[in-house]
Amino acid sequence: MSGSEAVDRAEQGEVVDLAEIDRTLIGVAGGKGANLGELLRMDGVRAPPGFCVTTRAFTRVVASAPEVVALLDELAAVDPTDQEALAALSAGLRSAVESLPVPDDLAAAITVALVDLGADLPVAVRSSATAEDLPAASFAGQQDSYLNVVGDVDVVDCVRRCWASLFTDRAVAYRARQGMGHRSVRMAVVVQQMVGARAAGVLFTADPMTGNRRVTAVEAVPGLGEALVAGQVTPDTYRVRAGAIVDRERSVERRAPAVTDAQVRELAALGRHIAAHFGAPQDVEWCLDD
């Protein structure tokens, strides 16, 4: 299948292999899904395989639920500064979406995609909103993701919960402050094979403290990186310039570093490769497998 044929199929489908998605398909796969699909197309970059439950599925399910449509109408009319009303409607929308039935044909398509991925493999089920990972908006941590999910029943349930997380208090309040219509944002869900991470973290291809694009910052913690994203642990932090580590800050929580100097330099080089491909500085989640 040619690249254009894959993109055409992705635009029409409700459950699509990540390998058929590229960064032009934010409206289909959300910001996270579109960027992951693009990474899978890059030489020298290894992203875990997976599939995307696209925004078409979300739109179909929500549009068929009168109670959700009515709550969205109410939300659109609320004063953006009325935090109490926003919170009450957010809670109502989450509850309504979480209780929606997933159509049988969609659940079956998710099950088939899981079998292709590996039916008994643990997966990550990750929210991917169409307003996420964009240059002009930062929705980091405002929607939900679930790790080590096994089996089609639990995956389908987590997909529904990711849909509902489009209406967390934080996400709704942020959209209201930004003047973004709540109907204009849709939710896709990425399902990816879990990685048995020995270490994980985030690398910034421009120094987040100074904005210097010649300096790459690498944050690293042992194991999976969800505790780092949640702000529960302090990472080891490295700064790399011209292939050399120019600064390091070791966490006092651990004796041994999470990664070696050679791995830090490899991450910095990978970050430069990704930033060059996207044509702009990037924040990249990474993990180290055996």
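Note that the structure is a prediction, hence the values are computed from the model and not measured. (Residues numbered from 1 in each chain as written. Predicted model: local features only at pLDDT ≥ 70, side-chain atom pairs only at ≥ 80, totals over all residues. Heavy atoms only, no water.)

Student: What am I meant to see in the pairing of strand β10 (residues 283–288) here?
Tutor: In summary, the side chains of a regular strand alternate between the two faces of the sheet. Residues Val-284, Trp-286 and Leu-288 line the buried face of β10, whereas the alternating positions Asp-283, Glu-285 and Cys-287 sit on a face that is not buried. Sheet analysis places strand β6 (residues 199–204) next to β10, joined by 6 bridges and oriented antiparallel. Residue pairing across strands places Ala-200 opposite Cys-287, the latter belonging to β10. (Buried < 20%, exposed > 50% of the residue type's maximum accessible area, 1.4 Å probe, protein only. Helix = DSSP H or I, 4+ residues; strand = E, 2+ residues; numbered from the N terminus. Pairing = 2+ DSSP bridges.)

Student: Honestly, the sheet that holds β6 in this entry has me stumped. Any pointers?
Tutor: What links the strands of a sheet is backbone hydrogen bonding, and the strands pair in either a parallel or an antiparallel sense. Overall, antiparallel pairing links the 5 strands, which are arranged β9-β8-β7-β6-β10 in an open sheet. With partners counted over all chains shown, the strands left at the sheet margins are β9 (244–249) and β10, one partner each. Each adjacent strand pair in this sheet contributes to an overall mean axis angle of 25 degrees, direction not counted. Relative to strand β8 (residues 236–241), strand β7 (residues 215–222) runs antiparallel, the two being bridged by 6 bridges. Looking at the pairing, Val-215 lines up with Arg-241 of β8. (Axes fitted to C-alpha atoms, helices over the stretch in contact; angles between N-to-C directions.)

Student: Any chance you could explain the confidence of the model for the protein here in plain terms?
Tutor: For any part of a model where pLDDT is low, the fine detail of the predicted coordinates should not be relied upon. Across the protein, the average pLDDT comes to 89, with 92% of residues at or above 70. When pLDDT is averaged over each helix and strand of the protein, the minimum, 63, is found for helix α1 (residues 3–12) and the maximum, 98, for strand β2 (residues 50–53). (pLDDT = per-residue confidence, 0-100.)

Student: I tried to follow the sheet that holds strand β1 (residues 15–17) on my own but got confused; where do I start?
Tutor: Here we have 5 strands laid out as an open sheet, ordered β1-β2-β5-β3-β4, and antiparallel in their pairing. In this open sheet, the two strands that pair with only one neighbour each are β1 and β4 (145–149). Within the sheet, the average angular offset between the axes of one strand and its neighbour, ignoring direction, is 20 degrees. With respect to the sheet, helix α6 (residues 104–118) is in contact with β1, β2, β3 (123–129) and β5 (187–193), its orientation differing from that of β2 by roughly 170 degrees. Where helix α7 (residues 152–164) meets the sheet, its contacts fall on β2, β3, β4 and β5, and the angle it forms with β3 comes to roughly 25 degrees. (Contact = heavy atoms within 4.5 Å.)

Student: Sorry if this is basic, but what is going on with helix α10 (residues 261–278) here?
Tutor: Residue pairs three or four apart in sequence face the same way in an α-helix, which turns once every 3.6 residues. Taking 1.5 Å as the rise per residue, α10 with 18 residues should run 26 Å; its terminal C-alpha atoms sit 26 Å apart, in good agreement. Taken residue by residue, α10 has Val-264, Leu-267, Ala-268, Gly-271, Ile-274, Ala-275 and Phe-278 as its buried positions. In an axial view of α10, the angular spread of the buried residues amounts to 125 degrees, which keeps them on one side of the axis. Seen from the buried face of α10, the exposed residues on the opposite side, beyond 90 degrees, are Glu-266 and Ala-276. Where α10 is buried, its residues meet α2 (26–40), β6, β7, β8, β9 and β10. (Expected span 1.5 Å × (residues − 1). Arc of directions from axis to C-beta.)

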